[in-house]
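Structural features, examined
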Amino acid sequence: MYKRQIQDGCDYFCTYCTIPFARGRSRSASLPRILDALHEVAGKGIQEVILTGVNTGDFGRTTGERFIDLLRALDAVEGIERYRISSIEPNLLTDEIIDFCASSTKFQHHFHIPLQSGSDRILGLMRRRYTTARFAERIAAVRRLMPDAFIGIDVIVGFPGETEADFRTTYDFLEGLKPAFLHIFPFSERPGTPAVDMPGKVQPSVATRRVAELEELCGRLHGAFCAKAVGSEDTVLFESTLRGGMMFGYTGSYRRVKAPYDRTRINAICRVRFGAMDESHDLMGDILD
């Protein structure tokens, strides 16, 4: 697995974030430069590439290109079999991008989409660029074409002004969306950001309890997502990790699979039938080819 940064910086100036100050405005490497790097990577036998950036979907703002143009160009690179988009803002996840990922054999059905809060009032205080209705509509658009897509969601708890009612709204919103995973962060003040001076500070003990509630929800949601694959078949790219005589790999929809270690299968995409799921939500794999 290889990570390639395609973009850096951000123009969004969310009220809790220092990235625009610390790393500057949004900018991108050019498409030809990225393609040169990926052709080199393909020559080394790397099968999977993760596209990374601070605001990945903002690619091309400084080069006159578009993110969808990059995806189409990368799809044609021979030798690389899988791509994942590390994170993309919901307002930049267009129908064109969703349609392309659904039709591509290389771009995996795996989306990491930051929400930050399920309360529209808190989203406004954060200066985010969407509402919960818009966010839910984007998730529905993905699932219409990729019903088994892995959807990971970022959420911040304990933002200044977040009441218990706001948190319950966030919890209920996430429970209803049923993502595959939650990346949960307690709010942390960053000097120089507007959030530092906002009223309604949330006590650390309250934020800790809210994190714990969402972690429990995440465990249930992730377990349910992985359990749906028991008894089915899919392809898995196995990695070199060896633990307890087992090797591990991931499906396109980012379910983790384990199988008895076989050095000849490392960095190979194998057809696998899934057996029981363990307490870590890993699926036992029976390699078929």
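Our subject is the structure listed above.
An account of the accompanying structure is given in this report. (Residues numbered from 1 in each chain as written. Predicted model: local features only at pLDDT ≥ 70, side-chain atom pairs only at ≥ 80, totals over all residues. Heavy atoms only, no water.)

1. So, the sheet that holds strand 1 (residues 2-5)
- Strand order in the open sheet formed by 3 strands is 1-4-5, with parallel pairing between adjacent strands. The open sheet has two free edges, formed respectively by strand 1 and strand 5 (82-85), since each of these has just one partner strand. Put simply, the sheet's adjacent strands are angled 25° from each other on average, direction ignored.
- Summarising the sheet, strand 1 and strand 4 (residues 48-52) pair through 4 bridges and their orientation is parallel. Bridging from a neighbouring strand, Lys 3 pairs with Ile 50 of strand 4. (Pairing = 2+ DSSP bridges. Helix = DSSP H or I, 4+ residues; strand = E, 2+ residues; numbered from the N terminus. Axes fitted to C-alpha atoms, helices over the stretch in contact; angles between N-to-C directions.)

2. Focus: the side chain of Lys 106
- Position of Lys 106 relative to the elements: it lies in the loop between helix 4 (95-103) and strand 6 (110-116).
- For the buried residue Lys 106, which engages in no salt bridge, the nearest side chain bearing the opposite charge is Glu 81, 5.2 Å off.
- There is a polar contact of 3.3 Å between the side chain of Lys 106 and the backbone oxygen of Asp 75.
- At 3.0 Å, the side chain of Lys 106 forms a polar contact with the backbone oxygen of Ile 80. (Buried < 20%, exposed > 50% of the residue type's maximum accessible area, 1.4 Å probe, protein only. Lys, Arg positive; Asp, Glu negative; His and termini not counted. Salt bridge = Lys/Arg side-chain N within 4 Å of Asp/Glu carboxyl O. Polar contact = N/O pair within 3.5 Å; in protein donor to acceptor, adjacent residues only side chain to side chain.)

3. Details of the packing of aromatic side chains
- Applying the stated criterion to the full structure yields 11 aromatic pairs.
- For the ring pair Phe 100 and Phe 107, a centre distance of 5.7 Å and an interplane angle of 65° mean the geometry is edge-to-face. An identical accessibility class is assigned to Phe 100 and Phe 107; each is buried.
- Through a chain of ring-to-ring contacts, the aromatic side chains of Phe 150, Phe 225, Tyr 250 and Tyr 254 assemble into a single cluster.
- In this structure, Arg 168 is placed above the aromatic ring of Tyr 171, and the distance from its NZ or CZ to the ring centre is 5.2 Å.
- For the cation-ring pair, Arg 243 lies above Phe 248, with the distance from its terminal atom to the ring centre recorded as 4.3 Å. (Phe/Tyr/Trp six-rings, centres within 6.5 Å; stacked < 30°, edge-to-face > 60°. Lys NZ or Arg CZ within 6 Å of the ring centre and 35° of its normal.)

4. Re helix 2 (residues 31-43)
- Under the 1.5 Å per step criterion, the end-to-end length of helix 2 is 19 Å for 13 residues, consistent within 8% with the ideal 18 Å.
- Residues of helix 2 that are buried include every one of Leu 31, Ile 34, Leu 35, Ala 37, Leu 38, Val 41 and Ala 42, and no others. Down the axis, helix 2 shows its buried residues gathered within 165° of arc, on one side only. Turned more than 90 degrees away from the buried face of helix 2 sit Arg 33, Asp 36, Glu 40 and Gly 43, all of them exposed.
- Packing partners of the buried residues in helix 2 comprise strand 1, strand 4, helix 3 (67-75) and strand 5.
- Count one or two residues on from helix 2 and you reach Gly 45, which has phi positive near 85°. (Expected span 1.5 Å × (residues − 1). Arc of directions from axis to C-beta. Contact = heavy atoms within 4.5 Å.)

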